[in-house]
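Descriptive structure summary
Residue strings, one per chain:
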Amino acid sequence: GNARAMFSLAQMYEQGLGVEQSDKKALQWYRASADSEYWMAAGVLRQAYSEGKLGLKKDKKLADEWYSKYIKDQIKHPINQ
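Structural notes, computed from the coordinates. Only a predicted model underlies this, so the values are computations on that prediction, with no experimental measurement involved. (Residues numbered from 1 in each chain as written. Predicted model: local features only at pLDDT ≥ 70, side-chain atom pairs only at ≥ 80, totals over all residues. Heavy atoms only, no water.)

**Section: unusual backbone geometry**
One non-glycine residue, Glu37, lies in positive phi territory at about 70°. Here Glu37 lies in the loop between helix 2 (23-35) and helix 3 (39-51). Its relative accessible area of 22% is what places Glu37 among the partly exposed residues. Positioned with a positive phi, Leu54 is a non-glycine residue whose angle comes to about 55°. On the accessibility criterion, Leu54 (10% relative accessible area) is buried. (Helix = DSSP H or I, 4+ residues; strand = E, 2+ residues; numbered from the N terminus. Buried < 20%, exposed > 50% of the residue type's maximum accessible area, 1.4 Å probe, protein only.)

The following block contains the structure:
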């Protein structure tokens, strides 16, 4: 699928824009986007685990793992904003 479109859909669910707000669905779409190497999604997941957002508990280990993916994917795809 299109990683950028998945990221946009995740934002819509997170903010309740045109859809019923759902942290669970936002998280699913952020993960799908990050799994497709969209580094901005990995950054959102890092922040979510770091700060306990999107219904997640704070988890430094997972935050660090998503941060590593964020850096790796950003280097691999620097212009996919």
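**Details of the packing of aromatic side chains**
Scanning all chains against the criterion turns up four aromatic pairs. Summarising the aromatic geometry, the rings of Phe7 and Tyr30 are spaced 5.5 Å apart at their centres and angled 65° between planes, so their arrangement reads as edge-to-face. Note that Phe7 is positioned in helix 1 (residues 3-15) and Tyr30 in helix 2, a separation of 23 residues in sequence. Taking relative accessible area as the criterion, Tyr30 reaches 1% and is therefore assigned buried. Ring pairs connect the aromatic residues Phe7, Tyr30 and Tyr38, which therefore count as one cluster. (Phe/Tyr/Trp six-rings, centres within 6.5 Å; stacked < 30°, edge-to-face > 60°.)

**A word on a nonpolar patch on the surface**
A cluster of nonpolar residues, Tyr67, Ile71 and Ile75, forms a patch on the protein surface that exposes about 300 Å² of accessible area. We classify Tyr67 as partly exposed; its relative accessible area is 42%. (Patch = residues over 30% accessible without salt bridge, like charges linked within 9 Å, V, L, I, M, F, W, Y side chains within 5 Å. Areas by Shrake-Rupley, 256 points an atom, 1.4 Å probe, with all protein chains shown as cover. Salt bridge = Lys/Arg side-chain N within 4 Å of Asp/Glu carboxyl O.)

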